[in-house]
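Residue strings, one per chain:
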Amino acid sequence: MADINIVLIEPEIPQNTGNIARTCAATGAALHLVKPMGFEIDNAKLKRAGLDYWHQLDITYYENSDEFFEKNKDEQMFFFSTKAPVSHVTAVYPKKVFLVFGKETKGLPEELLKANIEKCVRIPMRNGLRSLNLSNSAAIAVYEVLRQRDFDGLLEEGMFPER
């Protein structure tokens, strides 16, 4: 299993999931999709957003949240929410991490957030706005984990000319 895992609990918009799948393929992160979803995996919009990266994905499907949490109960998870008390950049992400996101219209359930408050983080944004787009949030989260790891495995030496 991958060291970085993006979890989408009940995603609703196929284009967002497709974009996140593309981010996973580009970064080596695994994608975990928790049903029910607002679309079918064969949805043309989903596949168009993910382009031709589907064959490069490490993807796991779960019938519901209970199944996901039971199968991954020993994993280190961070829950992304606009209601979280601290910024995502203050967290120190472990070697193997699960970045958990809720559905586009409601986010993660309140009871889940309250039960895991010490692992809840938010992406800072201006007051008065509801939230960032889900696919943007997932990309921000993954790249913060990668930044903390000095982008290990993504940049080859000598890729950029010396300044």
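This one's a predicted model, so the numbers in the text were calculated from it and none came from an experiment.

> Describe in detail helix H1 (residues 14-27), supporting the description with residues and values.
Given a rise of 1.5 Å per residue, 14 residues ought to cover 20 Å, and the 20 Å separating the end C-alpha atoms of H1 matches this to within 8%. Of all 14 residues in H1, ten are buried, a share of seventy percent or more. Inspection of H1 places Pro 14, Asn 16, Thr 17, Gly 18, Ile 20, Ala 21, Thr 23, Cys 24, Ala 25 and Thr 27 among the buried residues, and these make up the whole buried set. Once H1 finishes, Gly 28 follows within two positions and takes phi at roughly 85 degrees, a positive value.

> Before we move on, can you summarise the sheet that holds strand E7 (residues 120-122) with the specific residues and values?
The parallel open sheet is built from seven strands, whose spatial order is E3-E2-E1-E6-E4-E7-E5. Only two strands of the sheet have a single partner each, and these edge strands are strand E3 (59-62) and strand E5 (86-87). With two bridges joining them, E5 and E7 adopt parallel strand pairing. Bridged to Ser 87 within E7 is Arg 122. Strands strand E1 (4-9) and strand E2 (30-34) of the sheet are contacted by H1, whose axis makes an angle of about 155 degrees with E2.

> So what about the pattern of salt bridges? Which residues, and what values?
Within the structure shown, the criterion is met by eight salt bridges. A salt bridge links Glu 67 to Lys 71; the nearest nitrogen and oxygen atoms lie 2.8 Å apart. Of this pair, Glu 67 and Lys 71 are both found in helix H3 (residues 65-71), four residues apart, which corresponds to roughly one turn of the helix. By relative accessible area, which is 22% here, Glu 67 ends up partly exposed.

> Report on the layout of surface pockets, specifying residues and quantitative values.
Estimated volume of the largest pocket: approximately 500 Å³. What lines the largest pocket is a set of 25 residues, among which Thr 82, Glu 104, Gly 107, Ser 131 and Leu 132 lie closest to the centre. Among the secondary structure elements, those contributing two or more residues to the lining of the largest pocket are E7 and helix H5 (134-148). Residue composition of the lining of the largest pocket, grouped by class: ten nonpolar, nine polar and six charged.

> Let's hear about H5: which residues, and what values?
In this model H5 runs 21 Å from its N-terminal to its C-terminal C-alpha over 15 residues, within 8% of the 21 Å that 1.5 Å per residue would give. Turning to H5, its buried residues number three or more, namely Leu 134, Ser 135, Ser 137, Ala 138, Ala 141, Val 142, Glu 144, Val 145 and Leu 146. Those residues of H5 that are buried are in contact with E1, H1, strand E4 (77-80) and strand E6 (97-101). Two residues or fewer after H5 comes Asp 150, characterised by a positive phi angle close to 60 degrees.

> Kindly report on the packing of aromatic side chains, identifying the contributing residues and their values.
On inspection of all chains with the given rule, the structure shows seven aromatic pairs. Aromatic pair Tyr 62 and Phe 68: ring centres 5.1 Å apart, planes at 85 degrees, arrangement edge-to-face. The exposure classification of Tyr 62 matches that of Phe 68, with both residues buried. Ring-pair connections join several aromatic residues into one group, and the members of that group are Tyr 62, Phe 68, Phe 69, Phe 79 and Phe 98.

> Tell me about the environment of Gly 102, and please be specific about residues and values.
By the element assignment, Gly 102 lies in the loop between E6 and helix H4 (110-115). Residue classification places Gly 102 among the buried residues on the basis of a relative accessible area of 9%. Separated by 22 residues in sequence, Gly 102 and Phe 80 place their C-alpha atoms 7.9 Å apart. Setting aside anything within four residues of it in sequence, one finds Gly 102 in contact with Ile 9, Gly 107, Leu 108 and Leu 134.

> Explain the packing of H1 against H5 to me, using residue names and the numbers behind them.
Two elements in contact, H1 and H5, have axes separated by 8 Å at closest approach and are oriented at 20 degrees. Regarding the angle of H1 to H5, the classification is roughly parallel. With respect to the hand of their crossing, H1 and H5 are arranged in right-handed fashion. Contacts from Asn 16, Asn 19, Ile 20, Thr 23 and Thr 27 of H1 reach H5 at Leu 134, Ser 135, Ala 138, Ala 139, Val 142, Tyr 143 and Leu 146. When the residues that make up the contact of H1 with H5 are grouped by side-chain class, the tally is seven nonpolar, five polar and no charged.

Quick notes on the rules
Residues numbered from 1 in each chain as written. Predicted model: local features only at pLDDT ≥ 70, side-chain atom pairs only at ≥ 80, totals over all residues. Heavy atoms only, no water. Helix = DSSP H or I, 4+ residues; strand = E, 2+ residues; numbered from the N terminus. Expected span 1.5 Å × (residues − 1). Buried < 20%, exposed > 50% of the residue type's maximum accessible area, 1.4 Å probe, protein only. Pairing = 2+ DSSP bridges. Contact = heavy atoms within 4.5 Å. Axes fitted to C-alpha atoms, helices over the stretch in contact; angles between N-to-C directions. Salt bridge = Lys/Arg side-chain N within 4 Å of Asp/Glu carboxyl O. 1 Å grid on protein atoms, 1.4 Å probe; cavity = no way out; pocket = protein on both sides within 12 Å on 5 of 7 lines; lining within 4 Å. Points joined across faces, edges and corners; volume = space filled by probe spheres on them. Nonpolar A, V, L, I, M, F, W, Y, C, P; charged D, E, K, R; others polar. Phe/Tyr/Trp six-rings, centres within 6.5 Å; stacked < 30°, edge-to-face > 60°. Parallel < 35°, antiparallel > 145°, perpendicular 65-115°, else oblique. Left-handed = near helix turned anticlockwise from the far one by under 90°.

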